[in-house]
Structures are given as C-alpha cells and as structure tokens.
Amino acid sequence: MREHPGEVAVQRRNGVAHDRGSSRTRPEVPEVAAAFLRRQRMIVLGAADDLGRPWAGVLTGPAGFATAEGDRTIVLRALPGAGDPLQGLFEAERDVGLLAIEPRTRRRMRVNGVAVRAGDTLVVRTEQVYANCPKYIQTREPTSTPGTPVVLGHGTSLGQRHTDLIAAADTFFIATRAEGLGADVSHRGGGPGFVRVTGPRSLEFPDYPGNNMYMTLGNLELDPAAGLLFPDWERGGTLQLTGRARVEWGARPVVRFELDAYAHREGTLPAGWTAPGYHRFNPAV
C-alpha cells in the first residue's frame, strides 16, 4: 500500500520517522487476531454516509458474532439498526474501519477495508489489520446484555443530557476518512473530563501520545470530517456525532470539533458494567 501523505505530514511535523503507519500494515488476519475476534461481543465501526460525513457506531452480539473467514474476510452477524446513521449504508461496497476492543484486558485490534451487506450480515474485505497498544483504555466488563435499541433523538445542537455525558466521558471513538485512502475508527481515552464541551455545537480534547502511526490525525490532515461515538456505560446507550475537526498543534495537540448532527440512542450497549479501572498513563485533567 502506498504511503499516506497525511500521516507522513503529521509525522514530519512531530519529528517522527515515517517508517510506520498505514502503509506498513498487512491485509491478512493472523490466527491470533482471528481468535481474539471470535471472543468479542462488541465491534465499533466507522464509515462515511452519502454526504461524506463520517459516523462511528457499534455492533453487539454473543461471542462468535464476529469471525474471520479466510485470511482476508471478516463476517459480522449484525447490522446497524433503526436510528443509527450507519443503517442502510452498506447495500454496496463502502470503505469501513473496524475496532475490536476488549476493555477487560485492554486489548484492541483495528481493521480497515471495504464492507457490504449480505443478508443479515456485514462482510468486510480487509486491507489493513493491526494491533494497538493498551494506552488510555479503562478496564470494565459488561454485567448485562444490550436491550432493545430506542431512539432518543436526532439534532444539530447538544442538549444538557448530551453535554453531561460528554463531560463525564473517559472513553470515546473517532471515525475519519481520506479520499482514496479508506476509512478508519480509533479509540480515545483519558480521565473523566478530558473532553471539554465548549458550546452547544463544539467540544475539544487533547491528543495524547500514542503509537506515532497518526492514522486519525493523518486523515484529518487531508479531510476535516470526523465522527465521534460516546458510550453511555451506565444507561447502555450511545451518542453519535458528526462534524469537522481541526488540530491545533503545540506541546500537546488539541483537537477542536464542530458539530453538524447527532444521533442519541439507548439499548445499543449493555446497561451494566463493572466500575472502570483507569489506565495509569492517563494524564491529569
């Protein structure tokens, strides 16, 4: 795969040798990754809609609902449901990013490729498969199963319940894309309060040091469109945002996000989780 010019630009800006990044990943799913995937009950996915707006969403199911079939195919036995902005997007092949994350063990696996619906399943042809480090993942484990998804609302301006959820968040997910280079979805974590709501249509968060691949920031270098997903662990819901993000570079980069639209639902995640164990590397808020 050719080098990603956005990633290279960000690596150069930060004095990082561009010998890592999406161009160094492989498309095959190794057996250790396939075994990890079979254990998962939650998969985060990211894709852009027909307007080019990225959204991050979540699919859940019993262990085994996500499997590798062959070395370059992943099958998810679940589809985005009613009220999810990702619903209906995969009738034809579309760029997609997947994140299999196991908070209990702080393990995560990322997959980028293209996906298409086949009956009641989502079939993903993999193009990039790789693991990430456990930094900033808070440990927690579900104590229940998801309920029936209920739409709480759609809109273009955050209300109090949305700002309260974001202000208390220790975890969210971000979907990005770049024309001709695919889609991606990644994890972001920190202490509660690391995401700050700055207005009814704006928020900001620091970009903590990671693996220097800069896949998210590399996409934003080329296309500011981004989608955020905030889990509501207590109520078993998700708040999905789409908008535009820009990076302000400094000793610690800050990402400023401007909202275009949101979707708020419950019943998309288990409504019971063990208390979080915060990662020891979370910077002070």
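Procedures and definitions
Residues numbered from 1 in each chain as written. Predicted model: local features only at pLDDT ≥ 70, side-chain atom pairs only at ≥ 80, totals over all residues. Heavy atoms only, no water. Helix = DSSP H or I, 4+ residues; strand = E, 2+ residues; numbered from the N terminus. Rg over C-alpha atoms; globule rule 2.2 N^0.38 Å. Buried < 20%, exposed > 50% of the residue type's maximum accessible area, 1.4 Å probe, protein only. Contact = heavy atoms within 4.5 Å. Areas by Shrake-Rupley, 256 points an atom, 1.4 Å probe, with all protein chains shown as cover. Lys, Arg positive; Asp, Glu negative; His and termini not counted. Charge placed at Lys NZ, Arg CZ, Asp CG, Glu CD. Arc of directions from axis to C-beta. 1 Å grid on protein atoms, 1.4 Å probe; cavity = no way out; pocket = protein on both sides within 12 Å on 5 of 7 lines; lining within 4 Å. Points joined across faces, edges and corners; volume = space filled by probe spheres on them. Nonpolar A, V, L, I, M, F, W, Y, C, P; charged D, E, K, R; others polar. Pairing = 2+ DSSP bridges. Axes fitted to C-alpha atoms, helices over the stretch in contact; angles between N-to-C directions.

## Regarding the overall build of the protein chain
1) Next: Across its full length, the protein chain carries four helices and 15 strands.
2) Next: Taking 2.2 N^0.38 as the reference for a compact globule, 285 residues should give roughly 19 Å; the C-alpha atoms of the protein chain span a radius of gyration of 17 Å, in line with that estimate.
3) Next: Its C-alpha atoms give the protein chain principal-axis dimensions of about 45 × 45 × 40 Å.
4) Next: Residues counted as buried form 55% of the 285 residues belonging to the protein chain.
5) Next: Of the contacts formed within the protein chain by residues at least 6 apart in sequence, a portion of 68% connects residues at least 24 apart.
6) Next: In the structure as shown, the protein chain presents an accessible area of about 11900 Å², 50% of it carried by carbon and sulfur atoms.
7) Next: A distance of 5 Å separates the average location of the 34 positive side-chain charges in the protein chain from that of its 31 negative side-chain charges.

## A word on helix H3 (residues 160–167)
1) Next: Of all the residues in H3, the buried ones are His-162, Thr-163, Leu-165 and Ile-166. The buried residues of H3 occupy one face: seen down the axis, they fall within an arc of 160°.
2) Next: Those residues of H3 that are buried are in contact with strand E11 (196–199), strand E12 (202–206), strand E13 (225–232), strand E14 (237–248) and strand E15 (254–266).

## A look at empty space enclosed by the protein
1) Next: For the structure shown, the criterion picks out three cavities of 30 Å³ or more.
2) Next: In this model, the largest cavity occupies a volume close to 60 Å³.
3) Next: Met-42, Ile-101, Pro-103, Ile-137, Gln-138, Arg-140, Thr-171, Phe-173, His-187 and Trp-233 are the residues that line the largest cavity.
4) Next: Classifying every residue of the lining of the largest cavity by side-chain character gives six nonpolar, three polar and one charged.

## Some details on the sheet that holds strand E1 (residues 42–48)
1) Next: Across the sheet, which stays open at both edges, the seven strands sit in the order E2-E1-E5-E6-E7-E4-E3 with antiparallel pairing between neighbours. Both outer strands of the open sheet, strand E2 (54–60) and strand E3 (66–68), are each paired with one neighbouring strand and no more. The mean angle between the axes of side-by-side strands here comes to 30°, regardless of whether they run parallel or antiparallel.
2) Next: Bridge count between strand E6 (residues 107–118) and strand E7 (residues 121–131): 10 bridges; the pairing is antiparallel. Along E7, the bridge assignment pairs Asn-112 with Gln-128.

## Describing unusual backbone geometry
1) Next: Although it is not a glycine, Tyr-136 sits at a positive phi angle of roughly 70°.
2) Next: Tracing the backbone shows Tyr-136 in the loop between E7 and strand E8 (150–155).
3) Next: We classify Tyr-136 as buried; its relative accessible area is 9%.
4) Next: Positive phi is not limited to glycine here, since Tyr-214 has a value of about 55°.
5) Next: With respect to the secondary-structure elements, Tyr-214 resides in the loop between E12 and helix H4 (215–222).
6) Next: The class for Tyr-214 is buried, based on a relative accessible area of 17%.

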